[in-house]
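Geometric and topological summary
What follows is each chain in one-letter form.
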Amino acid sequence: MRVIYLDNNASTRVADEVVEAMLPYFSNLYGNPSSMHVFGGQLHKRVEDARAEVARLIGAELEEIVFTGCGTESDNTAIMSALESYPRKRHIVTTRVEHPAVLNFCKAMARKGYRVTFLPVDKLGRLDLKELDAAVTEDTAIVSIMYANNETGVIFPMEEIARIVKSKGVLLHTDAVQAVGKIPVDVRKLPVDMLSLSGHKIHAPKGIGALFIRRGIRFSPFIIGGHQEKGRRGGTENVPSIIGIGVACELAAKHMNDENSRVKALRDRLEEGLLACCPNAMVNGDSEHRLPNTTNMSFEYVEGEAILLRLDSYGICASSGSACTSGSLEPSHVLRAMGIPFTAIHGSVRLSLSRYNTDEDVDLVLKKMPEVIKELRHLSPFGREEMARKTGKLRTN
Amino acid sequence: MWEYTEKLKELFLNPKNVGEIENPDAVGEVGNIVCGDALKLTLKIDKETGKILDAKFQTFGCASAIASSSALTELIKGKTIDEAIKIKNQDIAEYLGGLPPEKMHCSVMGREALEVAIADYKGIKIEELIGGKVICKCFDVTDEKIKKVIRENRLTTVEQVTNYTKAGGGCGSCIPDIENILKEVWAERIIEEAIRPKERLTNIKKIALIQEILEREIRPRLQADGGDVELIDVDGNRVIVALRGMCTECVMANVTVKNIEKKLKELVTEDLMVVSEGGQG
Ligand code: FES
C-alpha cells in the first residue's frame, strides 16, 4: 500500500540529497573533527561549511550557530542559559501553547521556584500583545515564544513581540522549529536573541538541532564538556547529521517558494475539500497567519484517534491533537487554550504537508476522509442526534 | 501510537453489533461527549429466561472504546442477566487480547454500560446496583466503582486508577480523595495479609511481605516525587534499602528511611530496623 504521509510537523522524510551527502561521513570520513591529525581535522572545515548553510538560511553569522542534539535541547539551553546568566531574575514569560520542550521545561523551573507567566491565546490561537507587555517586568530573565505553532500552524507576530520585549531590555528566545524552512525567517531583521531549529522537521535526520545565539548576549552552556562548539556545547560533533542539516538548510532555501505556493495550494485544496464534503467540520486557528503546510481540523461527534486509525488502514498518516494519541487523557493543550469546545477538540486532526506531497495524495484523502467520518458517525451515539438537534429536527431536552 | 492487538484492530475496523435495537428491553448509556468517551448499549431480553437475545452498541470514542463495546456485546449475547453481570472489565480486555494500561478505562466503560442496562431492566437505580457517591465530578466516578476497580485489578497508584476509570484525569481536584480510597483499600488488604504470616514469620515470608509493602505502600509515593527505593537485602531484622532518583539528593532522606521503617514495623514486625545503603539512617 502506498503511504500518504501528512504528518510532516511531527517528522519529515530525509531528503535523498541529504542522505547522499551524509553517507561518506559514516564510512570513509569517520574521524573526530577535534583531532590534531589531518584525517580527523579535515572534517572541521566541512562542519563549518554546514554551519554556514544553517546560518545563511536564517540570516545569521557563522559564529552565531551552535549545533545541538535536537530542538528540545536548543529550547532548554536557551531558557537555562538566561536563568544562569541573570541569576537574580526569577521570572520567565512564555505562552500556554508552546511545544512541551518549552512548556514542560518552564513548569520544571516553576517547581524549582521560578515564577512563570503562561500567556493565554484567543480562540484563533492569537496572543494578546497587551498582556505580553504587562507581563514582562524587571524581574523577567527571558521571554520564550514560539514562532509558529506545531499543532495549528498559527504564526505569532514575532516582530511586534520582539519590539515589546526588546524595549524592556529582556532576552527573547523563539522556538522556530516549525517555522524555519517553511517561511522566511531572518534574524537580521528580527531582533530575537536566541532561536531554536531542528533537523528532522526540514528533511534532515532526527537527532540534530541548532541554536542561534546572537553575538554579544550572555550565554551559559547547558551541556558542559569539551571545548566543542567554542565551549558552548560539549560533546563530540555529530558530524554526519551536521552535514545533513547543512544540506537540508540549503534545500529549504531553494524550496521555500514551492512551500509557499504549491504546497500551500495543496493544503488549501485539501482543507476546502474536506470542509465541503464533511458536515460539522471546522478549521482550528487563525487561517490568515498560518504556516503554508498545516491545517488542524475538527470533525465533531467523532474521536480523533479513531479517525487516525481508520485513515491509517488506507495508508494515510496524520496526527491527532486529541486525548488518545498523546498518551494522556488530556486533550490537546493548544486547542484547550484556544477554548475550542470539547465536542470539537476530541475530533481534531492535524494534516501537515511537505514538498513531497502530490495532488494524488490530496485526492485520496478527499476520497477517504468523508467515508471515515461517515462510518464513525454511524457508530457514534451522538452523530445523528446532535446534528439533527442542531438543524432543529430533534427536540432538545 | 498505541500498541493494539490484531483482535482489537479487527474489531475496531469491522465492529460487530453496531446500532440501536428498536424497542429495547434495557438501555445502558454511560460517558458523555465532553469526556471523549460514550457508549449506548441496547438489549433485547427474554422475560421468561432472562436471556440476552440481542445486544447492540453505539460508541463515541477511540479505537479501544469501539472495540471494547463490540467485545462486550459479543460476550453477553446468549447469556442470562445473572451470568452477564459477572462479566468483569478484565474479561472484555482479555477478549481483545489485552489493552494498553492507559486504555483500560474503555473496558471499564463497557462493564459500566452493562450495569446501567441491567439496572434499567430491573427497574432499579444504578446506585442500588453498585452504590457509592461521586468522587470525580469531571468524569462522574463513584467511590464504589473506584474501590471495585482497585480490588479487581490490584491497582496501587492514582495514575492507574485514572487509566482505568478516568477519575482524576480532568481538573485533578479529586486526586486526594482517590489517594485516600487507595489507602483505605490497601489498609484492609495489607493488614489482612500482614496478620496472617505473623503467626509464624519465616524469613522467606518476611522478605516477601517487606517487598510487597515497599511496592504498594512506599514506592508509588516516592515515585510521584521523582524518587524511588529498592530493597537490597534483609539480614535478620535489618532491612537494607537503597534510595534512588530524587531521594538520593534529598535532604529529607533520613526522614524517608525513618518513615519506611515505621510502615514496615507497623505492617510486618515491630523488630525491624531499616538502614539505607551508604549509611544514612
Ligand atoms: S473531579 Fe476528578 S478530575 Fe476533576
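What you are looking at is a predicted structure, and each value in this text was computed from that prediction instead of being measured. Sequence order sets the numbering: in each chain, residues are counted from 1 along the sequence as written. Note on labels: chains are lettered from A, ligands numbered from 1, in written order. This being a predicted model, a pLDDT of at least 70 is required before a residue's local features are given, and a value of 80 or more before pairs of side-chain atoms are given or counted; all residues contribute to the totals for chains, interfaces and linings. In computing side-chain values, all of the structure's heavy atoms are included and hydrogens and water are not.

Labels follow the DSSP assignment, with helices taken as runs of H or I lasting at least four residues and strands as runs of E lasting at least two, numbered in each case from the N terminus. Counting its regular elements, chain B contains 12 helices and 8 strands. Once the C-alpha set of chain B is aligned to its principal axes, its extents read approximately 70 × 40 × 35 Å. Only protein chains enter the area calculation, which uses a 1.4 Å probe; residues under 20% of their type maximum are buried, those over 50% are exposed, and those in between are partly exposed. Looking at chain B as a whole, 50% of its 281 residues are labelled buried. Any two residues whose heavy atoms approach within 4.5 Å at even a single point are treated as in contact. Residue pairs in contact within chain B that sit at least 24 positions apart in sequence constitute 57% of those at least 6 positions apart. Per element, the accessible surface of chain B, about 13400 Å² overall, is 49% carbon and sulfur. Residues counted as positive are Lys and Arg, residues counted as negative are Asp and Glu, and His and the chain ends are not counted. Charged groups are reduced to one reference atom each: NZ for lysine, CZ for arginine, CG for aspartic acid, CD for glutamic acid. Mean positive and mean negative side-chain charge positions of chain B (40 and 48 charges, respectively) differ by 2 Å. For every accessible area listed, the method is Shrake-Rupley and the probe measures 1.4 Å; residues are considered covered only by the protein chains on display.

Looking now at the interface of chain B and chain A. With 30 residues of chain B in contact, the opposing surface of chain A contributes 24 residues. Each partner contributes to the roughly 2200 Å² buried at the junction of chain B and chain A, and carbon and sulfur atoms together form 70% of this total. Take a side-chain nitrogen of Lys or Arg and a carboxyl oxygen of Asp or Glu: if they are within 4 Å of each other, that pair is a salt bridge. In this structure, the connection of chain B to chain A is made through 1 salt bridge. Mapped onto the side of chain B that touches chain A, the elements with two or more residues apiece are helix H1 (6-13), strand E2 (37-45), strand E3 (52-60) and helix H2 (63-76) of chain B. Once two parts are put together, the accessible area they lose, assessed with a 1.4 Å probe and summed over both, is termed the buried area.

Time to look at the pairing of strand E3 (residues 91-95) of chain A. Residues and elements named next belong to chain A. Counting buried residues in E3 gives 5 out of 5 residues, a clear majority hidden from the surface. Neither face of E3 is left uncovered, since the one carrying His91, Val93 and Thr95 and the one carrying Ile92 and Thr94 both have all their residues buried. Of the strand pairs in this sheet, E3 and strand E4 (residues 115-119) are connected by 5 bridges, and their pairing is parallel. Paired with His91 across the strands is Arg115, a residue of E4. The β-α-β motif built from E3, the intervening helix H4 (residues 100-111) and the parallel element E4 has right-handed crossover chirality. Strands are labelled as partners when DSSP assigns at least two bridges between them. Relative to strand E5 (residues 140-144), E3 is paired through 3 bridges, and the arrangement is parallel. Bridge pairing in E5 places Val93 opposite Val143. We call a crossover right-handed when, viewed with both strands directed away from the observer, the connection leading from the first strand over the helix to the second proceeds clockwise.

All names here are of chain A. pLDDT expresses how confident the predictor is about each individual residue, on a scale running from 0 to 100. When pLDDT is averaged along chain A, the result is 93, and 94% of the positions lie at 70 or above. Scored below 50 in pLDDT, residues 323-328 shows 14 contacts in the model against residues more than four places distant or in partner chains. Here residues 392-397 scores under 50 on pLDDT; set against residues more than four positions off or in separate chains, the count is 7 contacts.

Time to look at the packing of aromatic side chains. Residue and element names in this part refer to chain A. Side-chain rings of Phe, Tyr and Trp, where Trp is taken by its six-membered ring, are said to pair if the distance between their centres is within 6.5 Å; with planes under 30 degrees apart they count as stacked, over 60 as edge-to-face, and otherwise as tilted. Within the structure shown, the criterion is met by 3 aromatic pairs over all chains. Ring centres of Tyr30 and Phe39 lie 4.9 Å apart, and the angle between their planes is 70°; on these two criteria the pair is classed as edge-to-face. The exposure class of Tyr30 is exposed, given its relative accessible area of 57%. For Phe39, a relative accessible area of 33% corresponds to the partly exposed category. Lying over the aromatic face of Tyr356, Arg13 brings its terminal NZ or CZ to 4.7 Å of the ring centre. When the NZ atom of lysine or the CZ atom of arginine is within 6 Å of a ring's centre and also within 35 degrees of its normal, the charge is said to sit over that ring.

For the rest of this paragraph, the subject is the sheet that holds E2(B). Residue and element names in this part refer to chain B. Read across the open sheet, the 3 strands follow the order E1-E2-E3; overall the sheet is antiparallel. Taken across any chain shown, the strands that pair with only one partner, and hence form the sheet edges, are strand E1 (26-32) and E3. When strand polarity is set aside, the average angle formed by the axes of neighbouring strands in this sheet is 10°. Sheet topology places E1 next to E2; 7 bridges connect them, and they run antiparallel. Residue Val30 lies in a different strand from E2, and its bridge partner there is Leu39. Axes here mean lines fitted to C-alpha atoms, for a helix over just the part in contact, with angles spanning 0 to 180 degrees between N-to-C directions.

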